[in-house]
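The lines below spell out each chain.
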Amino acid sequence: MWTRFAIVAVIAAAIVFPLFVTVNYFIHLAILAMIFMIVAQGANVIQGYTGYVSIAQGAFMGIGAYASALLSMRAGFPVWLSMLAAPIFTAVAAAIAGYPALRIKGHYFAIMTLAMNMVVFTVLVNWVSLTQGEPGLPSIPSPEAINLGFTEIAFEKRRAYYYLALAALVLVMWIVAAVVRSRVGRVLLAIRQNEPFAEAAGIACWKYKLFAFIFSASLAGFGGAIYAHYMGFINPTPFSADASLNAILAVILGGSGTLTGPLVGGALTVILPEALRVAEIYRLIAYGLLLILVVIFLPRGLVPAVVDGVRSISRRRKTP
Amino acid sequence: MTSVGTTGSRQLLRAEGLSKRFGGVQALSDVSFAMHRGQIVGLIGPNGSGKSTCVNLLSGNLPVSAGEVWLDDELLTGEPIDAAVVKGLARTFQSTQIFAEHTALENVMLGCHTLFKQGPEKSVLRTASAKRENLELVTHAERSLALVGLAPRRDQIASTLSAAEQRLLMIAVALATKPKVILLDEPAAGMVASERRALAGIIRALPSHGVSVLVIEHHMGLIMEVCDRIVVLNFGQKIAEGTPAEIRNNQAVIDAYLGHRDHA
Ligand SMILES: Nc1ncnc2c1ncn2[C@@H]1O[C@H](COP(=O)(O)OP(=O)(O)OP(=O)(O)O)[C@@H](O)[C@H]1O
Ligand SMILES: [Mg+2]
């Protein structure tokens, strides 16, 4: 009941947000934040729910971004179709890469995914005939305008794209919520808690781990596609292992294994470094310090900490 | 000798020449035995004699160095653990294993995993058939909880259960897989006398639910009380097999235990 109310309130606030914000730059940040929330939610599926840290979200975001951009520019796909094809393309790439990686248990998986990210990055830089390498791909088209009869929505406009990103995020949240609340989600949590016991319960864990990995990658790919058609230009830089580490950070900051954690964490990892710009050269130091403080004092992340706090206050009220 | 059994003396689980070598350690050498449907078989031996290794080979947790495992005329050797569970062999562990953050019922529902006929995608889409099946299996899971006496703990988070209850929960999860045979590795570890007595009652009732039992235990009292047959290991080799009375008077067994100052 309360959760439903909160969901409606948050979506409503997100819908009216651009009407009150006149500074374009804030809308820009909000769009980037929502894209990164999608990527972080993907990281949450494999890291927060399944307990396997993947350091490849950046690469999958890049695969989705380039796939969508190139499909629309070179293969003549409508942009809308390219954006939907991108997560499928990314999923196939993740399936091929994940099959051998997930046969390995424990920490080697993280190292394998880091290597994957490096390989993908190198390919993006060096396969110049396809990606145009370091200088990047310019003039990536925006999604085709939607004609509503009385008016036309053109996605070159920042505000229109804001709503596109918001719709994508809501869709992603809805799908992820359905998965983690299903039997599949319970199995993923079981793998995180005790994989050997899950196997002894008859669960073919590798299938579920592979699913979680593919699913998480396809979300990153989806986020990447939305990014590409928003920026209109991409090069390999934002898809390095740095982006993967940021996604991991977003999950830890917000609260891993919670649905709302990656929203909070994703927003913070995009907005905090910007907000700290006032501190100029001390910016990165301040950012690092903040992260360390959160990890030390709120090890489960911000969302669980706040939820616990609210609960204990309301309990204190009830028992005078 | 045999207790309750549906098809009398048919062989259910058969180990043939099981061997396991860890580097230089021969943990198990050429161990063969068979258990019949409806039996409770004890596997005993001094510390480090290879009992857990034997269970790990039977369940597929460890690959064999040599030998074969047969369950109801199906070869299990080389199959992954989850495949053995589907074929009807479940196990518990010497150290307590549970899903600590889940409730007791959710733990046991994970044991029902192989019983779901509706695909997992139906559960994501919340189809009517998936919901119905889930409800049916909740009933089955509750029965498994009741079998080990944990029905009153249904909605309690597993990590908040007592140590003995957690060990019983581990058995309930294994029972939920609807096994033909369950392998219990020291189920009474860490239990006090009264809890051990309750456990003996639970184990003795299992054959009447169609579950045969292979139980490892250090407490001779419990073993002698519940088992139809006993297999004795020492230094990775089978040194005796027989009824509790035969084992109690077997000179090789007495020597093995006296040699280890580890008798009950
Ligand atoms: N994974 C392993 N790697 C190396 N050696 C092992 C391994 N597991 C068991 N061993 C060795 O194999 C032998 C048999 O061990 P096992 O655990 O099967 O004995 P056990 O009869 O179950 O003993 P306990 O009563 O202490 O549980 C021991 O010498 C042990 O050190
Ligand atoms: Mg042992």
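The structure this text deals with has already been given above.
A.B. asks: How do you make sense of the coordination of the magnesium ion (ligand 2) when you look at a structure like this?
C.D. replies: In an ideal tetrahedron of four donors about a metal, each angle is 109.5 degrees. In an ideal octahedron of six donors, the angles are 90 or 180 degrees. All names here are of chain B. Donor atoms from the polypeptide that coordinate the magnesium ion (ligand 2) comprise Ser-52 (OG) and Gln-94 (OE1), at 1.9 to 2.1 Å from the metal. Here Gln-94 lies in the loop between strand 6 (89–91) and helix 3 (104–111) and Ser-52 lies in helix 1 (residues 51–59), a separation of 42 residues in the sequence. Owing to a relative accessible area of 21%, Ser-52 belongs among the partly exposed residues under this scheme. Since its relative accessible area comes to 37%, Gln-94 is described here as partly exposed.

A.B. asks: What is the right way to read the environment of A:Ala14 from this model?
C.D. replies: Residues and elements named next belong to chain A. Note on placement: Ala-14 falls in helix 1 (residues 2–20). Looking at Ala-14, the relative accessible area reads 16%, which means it is buried. Considered as a pair, Ala-14 and Ala-30 are 16 residues apart in the sequence and their alpha carbons are 9.6 Å apart.

A.B. asks: Help me understand the interface of chain A and chain B, please; the structure alone is not making it clear to me.
C.D. replies: It is common to give the size of an interface as the accessible area that goes away when the parts come together. Counting residues at the interface gives 23 residues for chain A, matched by 28 residues for chain B. At the boundary of chain A with chain B, total buried surface from both sides reaches about 2,300 Å², with 63% on carbon and sulfur atoms. Applying the counting criterion to the chain A and chain B interface returns 1 salt bridge. Where A:Arg192 meets B:Glu101, a salt bridge forms, and the shortest distance between an N and an O atom there is 2.6 Å. The interface formed by chain A and chain B includes 8 residue pairs in polar contact (both at pLDDT 80 or more). Taken together, the residues of the side of chain A that touches chain B break down into 14 nonpolar, 4 polar and 5 charged.

A.B. asks: Mind showing me how you'd approach the sheet that holds strand 5 (residues 74–75) of chain B here?
C.D. replies: Note: strands within a sheet are paired through backbone hydrogen bonds, in either parallel or antiparallel orientation. Residues and elements named next belong to chain B. Read across the sheet, 4 strands follow the order 2-1-4-5 without closing on themselves; strand pairing throughout is antiparallel. At either margin of the open sheet sits one strand with a lone partner, and together these are strand 2 (25–36) and strand 5. Relative to strand 2, strand 1 (residues 11–22) runs antiparallel, the two sharing 8 bridges. The partner of Ala-15 across the bridge, within strand 2, is Phe-33. Against the sheet, helix 1 touches strand 1, strand 2 and strand 4 (66–71), its axis set at about 115° to strand 1.

A.B. asks: Explanation requested: the site of ligand 1 in the structure shown.
C.D. replies: Residues and elements named next belong to chain B. For ligand 1, the set of nearby residues contains 13 residues, the closest of which are Gly-48, Lys-51, Ser-52, Thr-53 and Gln-94. Between ligand 1 and the protein, one listed contact pairs an oxygen atom with a side-chain N or O atom of Lys-51 at 2.8 Å. Compared with its free state, where it exposes 630 Å², ligand 1 has 61% of that area covered by protein. No other element matches helix 1, which puts 3 residues into the shell around ligand 1. Residues of the shell around ligand 1, tallied by class, amount to 3 nonpolar, 8 polar and 2 charged.

Thresholds applied
- Residues numbered from 1 in each chain as written.
- Chains lettered and ligands numbered in written order.
- Predicted model: local features only at pLDDT ≥ 70, side-chain atom pairs only at ≥ 80, totals over all residues.
- Heavy atoms only, no water.
- Donors = N, O, S within 2.8 Å, 3.2 Å for Na, K, Ca; no water.
- Helix = DSSP H or I, 4+ residues; strand = E, 2+ residues; numbered from the N terminus.
- Buried < 20%, exposed > 50% of the residue type's maximum accessible area, 1.4 Å probe, protein only.
- Contact = heavy atoms within 4.5 Å.
- Buried area = accessible area lost by both parts, 1.4 Å probe.
- Salt bridge = Lys/Arg side-chain N within 4 Å of Asp/Glu carboxyl O.
- Polar contact = N/O pair within 3.5 Å; in protein donor to acceptor, adjacent residues only side chain to side chain.
- Nonpolar A, V, L, I, M, F, W, Y, C, P; charged D, E, K, R; others polar.
- Pairing = 2+ DSSP bridges.
- Axes fitted to C-alpha atoms, helices over the stretch in contact; angles between N-to-C directions.
- Near = heavy atom within 4 Å.
- Areas by Shrake-Rupley, 256 points an atom, 1.4 Å probe, with all protein chains shown as cover.

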